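Listed here are the chains, written in short residue letters.
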Amino acid sequence: MMENQRVLAIIFDLDNTLVDTAGAGRVAIQKVCDLLNSTQVQESHIANICELFLQKLLHESFDPSEGRTIDDVRIRHWYEALQEARGTDPDPALASSCYYTWKNTRLQVLDLSPEVRTLLEELQEKYKLLLLTNGDSQTQWEKIKAVRCEGLFSEVVVGGDHPEQKPALSIFTYCFEHLGVQPRDCIMVGDSLSKDIQGGINAGVKATVWINSDSRCIPPGSVTPDYTVPSVLNLMDVLAELS
Ligand SMILES: [Mg+2]
């Protein structure tokens, strides 16, 4: 029976699935606070500046065809955050310093934990592994290089390099073709219900595994994952159940 076919391939999300991007982001924001504290910026404005930046990052839309790089866009976020919080035009060099402090700290802190690396090395012996991450090409490839994980996967697929990102069927189809497997041979592992789990379900994978590290509830109207685990380190238990 199809249901009993064993899993051949595992597709992983990157951010907040294999690496703690949110945690690295908090460290990076703290570094920017330290930087701003050493400047003329009033201390009472600093938390607000960082909050405004994070809001802009969250609602960012980036179109590489407009000729700006993601660095330009995000330096602009800091510029506007400094401007809005203080009501005056900031020194552009300060916006640039905030951005590179944030970006470089995030890349320095981001890493695969030794436990996750070991897990992937073990899985790699039995399964084809593919990394499928949404986001713009430059940002995601910088993270992938920073965590030195390319060798652990048969293929690394960055959404920004493709016409459509998760949860679109087209990018999943691209992955299956590169792995040389059928959707029903794969499981999808990720922390986003709307991107990873929805995408996996749409694509017809054998099972979806939701990484729910902060015990979130599944919101009404959301898709339901087949498995929910607190960490990717619990994946062996899921695979044991599936086999
Ligand atoms: Mg994620």
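Residues numbered from 1 in each chain as written. Predicted model: local features only at pLDDT ≥ 70, side-chain atom pairs only at ≥ 80, totals over all residues.

A.B. asks: Tell me about the overall build of the protein chain, and name the residues and values.
C.D. replies: Helix and strand counts for the protein chain come out as nine helices and six strands. On C-alpha atoms alone, the protein chain measures out to a radius of gyration of 20 Å, which is about the 18 Å that the 2.2 N^0.38 rule sets for 243 residues. Principal-axis analysis of the C-alpha atoms gives the protein chain an extent of 70 × 40 × 35 Å. By the burial criterion, 34% of the 243 residues in the protein chain qualify as buried. Restricting to contacts in the protein chain with at least 6 residues of sequence separation, those with at least 24 account for 61%. (Helix = DSSP H or I, 4+ residues; strand = E, 2+ residues; numbered from the N terminus. Rg over C-alpha atoms; globule rule 2.2 N^0.38 Å. Buried ≥ 20, exposed ≤ 12 C-beta atoms within 10 Å, placed from the backbone. Contact = placed C-beta atoms within 7 Å.)

A.B. asks: Which residues make up the pairing of strand β1 (residues 9–12), and what are the values?
C.D. replies: Across the two faces of β1 the burial is the same, with Ala9 and Ile11 and Ile10 and Phe12 all buried. In this structure, β1 lies alongside strand β2 (residues 128–133), joined through four bridges in parallel fashion. Each residue of the ladder has a partner; that of Ile11, found in β2, is Leu130. (Pairing = 2+ DSSP bridges.)

A.B. asks: Which residues make up the packing of helix α1 (residues 21–37) against helix α4 (residues 92–109), and what values do they have?
C.D. replies: Between α1 and α4, the least distance of the axes is 8 Å, while the angle of their chain directions is 145°. Seen from above, α1 lies across α4 with right-handed handedness. Together, Ala24, Gly25, Val27, Ala28, Ile29, Lys31, Val32 and Leu35 of α1 and Ser97, Cys98, Thr101, Trp102, Thr105, Arg106 and Val109 of α4 make up the contact between the two elements. Of the residues that constitute the contact of α1 with α4, the class distribution is nine nonpolar, four polar and two charged. (Axes fitted to C-alpha atoms, helices over the stretch in contact; angles between N-to-C directions. Left-handed = near helix turned anticlockwise from the far one by under 90°. Nonpolar A, V, L, I, M, F, W, Y, C, P; charged D, E, K, R; others polar.)

A.B. asks: Give a detailed account of the environment of Tyr99, specifying residues and quantitative values.
C.D. replies: Along the polypeptide, Tyr99 turns up in helix α4. Placed 25 residues apart in sequence, Tyr99 and Arg74 show a C-alpha to C-alpha distance of 6.8 Å. What Tyr99 contacts, discounting residues up to four positions off in sequence, is Arg74, Ile75 and Trp78.

A.B. asks: Explain the pairing of strand β4 (residues 186–190) to me, using residue names and the numbers behind them.
C.D. replies: Across the five residues that make up β4, a large majority, five, are buried. The two faces of β4 match: Cys186, Met188 and Gly190 on one face and Ile187 and Val189 on the other face are all buried. With four bridges connecting them, β1 and β4 associate as parallel partners. When the bridges of β4 are listed, Ala9 appears paired with Cys186. The pairing of β4 with strand β5 (residues 207–211) spans four bridges and is classified as parallel. Its bridge partner lying in β5, Gly190 is registered against Trp210. Remark: the β4/helix α8 (residues 193–203)/β5 crossover connection has right-handed handedness. (Right-handed = clockwise from strand over helix to strand, strands pointing away.)

A.B. asks: Requested: an account of the nonpolar core, with residues and values cited.
C.D. replies: With 58 residues, the main nonpolar core has Ile10, Ile11, Phe12, Trp78, Leu130, Cys175 and Val189 as its most contacted residues. Considering each element in turn, this core owes the most residues, six residues, to helix α3 (residues 70–86). When residues of this core are assigned to domains, at least three fall in each of domain 1 (2–19 + 111–242) and domain 2 (22–109). Apart from the residues within four sequence positions on either side, Ile10 is in contact with Leu123, Tyr127, Leu129, Cys186, Ile187 and Val189. (Core = buried A, V, L, I, M, F, W, Y, C linked by C-beta atoms within 7 Å. Domains from an automatic or database assignment.)

A.B. asks: I'd love a proper account of the sheet that holds β2, names of residues and values included.
C.D. replies: Pairing within the open sheet is parallel, and its six strands lie in the order β3-β2-β1-β4-β5-β6. The open sheet has two free edges, formed respectively by β3 (155–158) and β6 (227–229), since each of these has just one partner strand. Recorded for the sheet is a direction-independent mean angle of 20° between the axes of neighbouring strands. Running over the sheet, helix α7 (residues 169–179) touches β1, β2, β3 and β4 and is turned about 165° from β3.

A.B. asks: Before we move on, can you summarise the environment of Gln30 with the specific residues and values?
C.D. replies: With respect to the secondary-structure elements, Gln30 resides in helix α1. Between the C-alpha atoms of Gln30 and Ala47, which are 17 residues apart in sequence, the distance is 9.7 Å.

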